[in-house]
Amino acid sequence: MSEILLHADHLNKDFGMTHAVKDVTLDFYPGEIHGLIGENGSGKSTFSSMLTGIYSITSGTFVLAGKELHVKNQVEANREGVAIIVQEIGTLPGLTVAENIFLGAETPFMKGIVKNAAAMNAEAQRLLNEYGFDHIRANQMVDRYSFEDRKLVEMVKATYFKPKILVVDETTTALSHDGRDELFKIMNRTRDMGSTVIFISHDLDEVIEHTDRISCLRDGELVGTVNSREVTADDLKTLMVGRELDDKYYRTDYGEPVPQEVVLRMNDVSVPGQISHIQLELHKGEILGIGGLSECGMHEIGKAIFGASYDKNGTVTLADGHVIKNIPDAIKHSIAYASKDRDNESVVIADSIAENICIPSLDDLSIRGFLRRLKLNAFAGEHATQMSVKMTGISQFVSELSGGNKQKVVLARWLGKGSDILVLDSPTRGIDVKVKADIYALMTDLKKMGKAIIMISEELPELLGMSDRILILKDGKINGEFTRSRELGEKDLIAKMI
């Protein structure tokens, strides 16, 4: 093995009384893709955030190519040769694609205080074309592009300057299979240049396939580093949780009838450019899976049901005939929604766990129009505990939580509200196997209680393992419907996607 490129020396990070990273010493070598795994809350993202200047370091140091790093933000990290592609949206709305790519690196395009926008756009478009992303236009506002296209923009931003260290933090969960292929090409290209890629993912098979070595954190501590070619996914699970973990977390029941009672109908719903003439029924006590390729329109169905598609045609109607008009109307009539874009649409990042859990239930918790803090805290504490949120307390900011614990906060919110219809878009995206099992068990319990669930997912095993029925979308239209069966397989679903 060649000389060390990045050395993490006795790193610690504390959030109040919580020790998120505990005395971690770890080496990374040039020309390697180094996997970093662990359960939600194990310290993976905290470690990468310390490296890239998102979080300050409580104690310890990073040494890059023999020089100690002291970066206070991502712009400074980029200048030192460290880049990150994050799990959630990492582009800034209100800026063009080019402005996002060169944010913090505008100097070559400045003449005094005047920015040469044409030159910036031209260079950004050259880079986009070079990466094969020529369908993205550099001079367009980044807001107009899909979640996945914005991730492609982030890939260009993070790598065009050929960083020494590239951190890929749970990015694959936001991408389609094609998008993942593009990311893996970029990771391999970065490694082949002699740089280091730190790859964080909960998909253990993916980690084994695309890395050279893998390090595991548990409760903030380093528990081991292994060679990727010498381990199995089961070996990694044992390393993560300290014991063998049964991954048979999907439903095992088949042939059980779903109640005939219809609780929600979509009647000829269209959203221009997204979905076209959607007709579907959701039954009481049913998990209805909706899948397809990334741009098939399935995510828009969830927004339309929750009243968040403001330009939709057609109606979303409840069993009593009430037509859902907007988000407050949906919440009032017992509809819950968990977005794929967790940080921007499901939680208020800059607020506490308590505030996030209480938001939809404020009217229910008020007494003659007044809200009492003790009552709100008791309510939030009860439901955060019910969901086993790993936290210092309900006053902790959601921004400090791992992806899995953020998702638990989202679910705690809707459990507290007592919603009867739950629309869960990519409910286990970026979540470790233990929390994934917990969420599947919760969904099964809710189904038994008579709750109706729409689960939108790009993961075929998840659709097959959890759904009573599956609808497959293609080009914004329903192209196939399947009933739960032992014989139903991924090939059957894929045939209706393509």
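Novice: Break down the packing of aromatic side chains for me, with residues and values.
Specialist: Counted under the stated rule, the structure contains 11 aromatic pairs. With a centroid separation of 6.2 Å and an interplanar angle of 45°, the aromatic rings of F28 and F47 are classed as tilted. Of the two residues, F28 is situated in strand β2 (residues 18-28) and F47 in helix α1 (residues 44-51); the sequence distance between them amounts to 19 residues. The exposure classification of F28 matches that of F47, with both residues buried. Considering the side-chain rings of F47 and F62, the 5.4 Å spacing of their centres and the 75° angle between planes classify their relative orientation as edge-to-face. One end of the pair, F47, is in helix α1; the other, F62, is in strand β4 (residues 59-64), and 15 residues separate them in sequence.

Novice: Before we move on, could you go through the nonpolar core and cite the residues and values that matter?
Specialist: By size, the foremost hydrophobic cluster in this structure holds 121 residues, and its most contacted members are L264, M266 and I335. Of all the elements, helix α16 (residues 433-448) adds the most residues to this core, at seven residues. Counting 27 residues, the second-largest nonpolar core is a separate cluster that includes L5, V24, M50 and A77.

Novice: Which residues make up the pattern of salt bridges, and what are the values?
Specialist: Between side chains of opposite charge, pairing is possible as soon as their charged atoms come close. Inspection of the entire model under this criterion finds 25 salt bridges. Here K151 ties to E154 by a salt bridge, and the two come within 3.0 Å at their closest N and O atoms. With a gap of three residues between them, K151 and E154 both fall in helix α5 (residues 147-159), about one helical turn apart. With a relative accessible area of 0%, K151 lands in the buried category. Judged by relative accessible area, which is 5%, E154 ranks as buried. Among the ionic pairs, R373 bridges to E355, the shortest N-O distance being 2.9 Å. Here R373, found in helix α14 (residues 373-386), pairs with E355, found in helix α12 (residues 353-358); they are 18 residues apart in sequence, far enough to count as distant. A relative accessible area of 44% means that R373 is categorised as partly exposed. Members of the salt-bridge network, linked through shared partners, are R251, D253, K447 and D468.

Novice: Can you break down the sheet that holds strand β21 (residues 477-483) residue by residue, with the values?
Specialist: Spatial strand order, β17-β18-β19-β15-β20-β21: six strands in an open sheet with mixed pairing. Two strands in the sheet have a free side with no partner beyond their single neighbour: β17 (335-338) and β21. Across the sheet, the axes of successive neighbouring strands diverge by a mean angle of 15°, strand direction being ignored.

Novice: Could you give an account of the packing of α14 against helix α15 (residues 403-417), naming the residues involved and the relevant values?
Specialist: The packing of two helices is summarised by the inter-axis angle and the distance between the axes. Viewed as axis vectors pointing N to C, α14 and α15 meet at an angle of 120°, and their least axial separation amounts to 9 Å. Compared by their axis directions, α14 and α15 come out oblique. The element α14 and its partner α15 pack so that their crossing is right-handed. Residues F379, H383, A384 and Q386 of α14 touch α15, and the partners they reach there are A412, L415, G416 and K417. Along the lines of polarity and charge, the residues of the contact of α14 with α15 split into four nonpolar, three polar and one charged.

Novice: Go over helix α4 (residues 117-130), please, and point to the residues and values.
Specialist: Look at α4: 20 Å from first C-alpha to last across 14 residues, which is about the 20 Å you get at 1.5 Å a residue. Within α4 the residues assigned to the buried category are M120, A124, Q125, L127 and L128. The arc that holds the buried residues of α4, viewed along the axis, is 160°, so those residues lie on one side. Among the exposed residues of α4, those oriented more than 90 degrees off its buried face are A118 and E130. Tucked into the core, α4 has its buried residues touching α3 (97-101), β8 (114-115) and α5.

Novice: For the side chain of S361, give the residues involved together with the corresponding values.
Specialist: With respect to the helices and strands, S361 occurs in the loop between α12 and α13 (362-365). Those residues in contact with S361 that lie beyond four places of it in its chain are F379, G416 and K417.

Novice: Help me get a handle on the environment of T211, residues and values and all.
Specialist: Tracing the backbone through its elements, the reader meets T211 in the loop between α7 (204-210) and β11 (213-218). Spatially, the C-alpha atom of T211 lies 30 Å from that of Q125, the residues being 86 residues apart in sequence. Contact partners of T211, with chain neighbours within four places excluded, come to I33, H34, G35, F199, S228 and R229. A distance of 2.5 Å separates a polar side-chain atom of T211 from the backbone oxygen of V207. Here the side chain of T211 touches S228 through a polar contact of 2.7 Å, side chain to side chain.

Novice: Explain the sheet that holds strand β10 (residues 196-200) residue by residue, including any values.
Specialist: Pairing is mixed across the open sheet formed by six strands, whose spatial order is β6-β9-β10-β3-β11-β12. Strands at the two margins of the open sheet, each flanked by one partner only, are β6 (82-85) and β12 (221-227). Going across the sheet, the axis of each strand differs from the next one's by a mean of 20°, ignoring polarity. Summarising the sheet, β6 and strand β9 (residues 165-169) pair through four bridges and their orientation is parallel.

Novice: How would you sum up unusual backbone geometry? Please name residues and give values.
Specialist: We note that K162 has phi near 55°; this positive angle belongs to a residue other than glycine. The exposed category is assigned to K162, whose relative accessible area is 54%. You will see that S426, though not glycine, has its phi angle at about 55°, which is positive. Inspection of the secondary structure assignment puts S426 in the loop between β18 (421-425) and α16.

Novice: Tell me about α15, and please be specific about residues and values.
Specialist: For α15, built from 15 residues, the straight-helix expectation of 21 Å at 1.5 Å per residue is met to within 8% by its first-to-last C-alpha distance of 22 Å. α15 sits mainly inside the fold: 14 of its 15 residues count as buried. Where α15 ends, the next residue or the one after it, G418, has phi of about 75°, a positive value.

Conventions and cut-offs
Residues numbered from 1 in each chain as written. Predicted model: local features only at pLDDT ≥ 70, side-chain atom pairs only at ≥ 80, totals over all residues. Heavy atoms only, no water. Phe/Tyr/Trp six-rings, centres within 6.5 Å; stacked < 30°, edge-to-face > 60°. Helix = DSSP H or I, 4+ residues; strand = E, 2+ residues; numbered from the N terminus. Buried < 20%, exposed > 50% of the residue type's maximum accessible area, 1.4 Å probe, protein only. Core = buried A, V, L, I, M, F, W, Y, C linked by side-chain atoms within 4.5 Å. Salt bridge = Lys/Arg side-chain N within 4 Å of Asp/Glu carboxyl O. Pairing = 2+ DSSP bridges. Axes fitted to C-alpha atoms, helices over the stretch in contact; angles between N-to-C directions. Parallel < 35°, antiparallel > 145°, perpendicular 65-115°, else oblique. Left-handed = near helix turned anticlockwise from the far one by under 90°. Contact = heavy atoms within 4.5 Å. Nonpolar A, V, L, I, M, F, W, Y, C, P; charged D, E, K, R; others polar. Expected span 1.5 Å × (residues − 1). Arc of directions from axis to C-beta. Polar contact = N/O pair within 3.5 Å; in protein donor to acceptor, adjacent residues only side chain to side chain.

These figures capture arrangement, not role.
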